[in-house]
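Fold and contact review
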Amino acid sequence: FPSHDTPWPGIMLICSGGFQDHVHLLIEGKSYIEIPKTIKRIKGGSSWWINKRGLVNEKFRWCQGYFAEKIESQRINTLKHYIQNQESQHVMGLK
């Protein structure tokens, strides 16, 4: 999504980034948010958004699977830096 606002109550996008074949999202969610349902909503909503705008030549679909982890608030800045610097890390051969 192009902004920090998300269409789901209780979820806020803190930052996003990625490289050619993957994406990283740092989201903040209320304690009652279920991660599998949240990922499904993010994948479904973003696929619809991408396809509606014709941003890719073929129909966009996410691959199956994901990795999610709850983190402590002290790690947020470190993770934001990692996510925001994905391209340079991949160019240097880091992942």
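Structural data are supplied above this passage.
The sections below set out a description of the structure shown in this document. Predicted model, so just to flag it, every value in this text is computed and none were measured.

Turning our eyes to something else, we now look at the side chain of Lys43. With respect to the helices, strands and loops of the structure, Lys43 is situated in helix α1 (residues 35–52). A distance of 2.9 Å separates a polar side-chain atom of Lys43 from the backbone oxygen of Cys63. With residues up to four places along the chain from it excluded, the contact list for Lys43 reads Trp62, Cys63, Gln64 and Gly65.

Take α1 next. With 18 residues, α1 extends 25 Å from end C-alpha to end C-alpha; this agrees with the ideal 26 Å at 1.5 Å per step. Thr38, Ile39, Ile42, Lys43, Gly45, Ser46, Ser47 and Ile50 are the residues of α1 that are buried. Elements in contact with the buried residues of α1: β1 (11–19) and β2 (22–29). A positive backbone phi angle near 65° is found at Gly54, which sits one or two residues after α1.

With that settled, consider the pattern of salt bridges. The tally for this structure, following the rule as stated, stands at two salt bridges. As a salt-bridge pair, Lys37 and Glu34 come within 3.7 Å of each other at their nearest N and O atoms. Classification of Lys37 by relative accessible area gives partly exposed; the value is 44%. For Glu69, the salt bridge is made with Arg75, and the minimal N-O distance between the two is 3.5 Å.

All right, on to the packing of aromatic side chains then. Summed over the entire model, instances satisfying the criterion amount to one aromatic pair. Ring centres of Phe60 and Trp62 lie 5.1 Å apart, and the angle between their planes is 85°; this geometry places the pair in the edge-to-face category.

Reading guide: rules and limits
Residues numbered from 1 in each chain as written. Predicted model: local features only at pLDDT ≥ 70, side-chain atom pairs only at ≥ 80, totals over all residues. Heavy atoms only, no water. Helix = DSSP H or I, 4+ residues; strand = E, 2+ residues; numbered from the N terminus. Polar contact = N/O pair within 3.5 Å; in protein donor to acceptor, adjacent residues only side chain to side chain. Contact = heavy atoms within 4.5 Å. Expected span 1.5 Å × (residues − 1). Buried < 20%, exposed > 50% of the residue type's maximum accessible area, 1.4 Å probe, protein only. Salt bridge = Lys/Arg side-chain N within 4 Å of Asp/Glu carboxyl O. Phe/Tyr/Trp six-rings, centres within 6.5 Å; stacked < 30°, edge-to-face > 60°.

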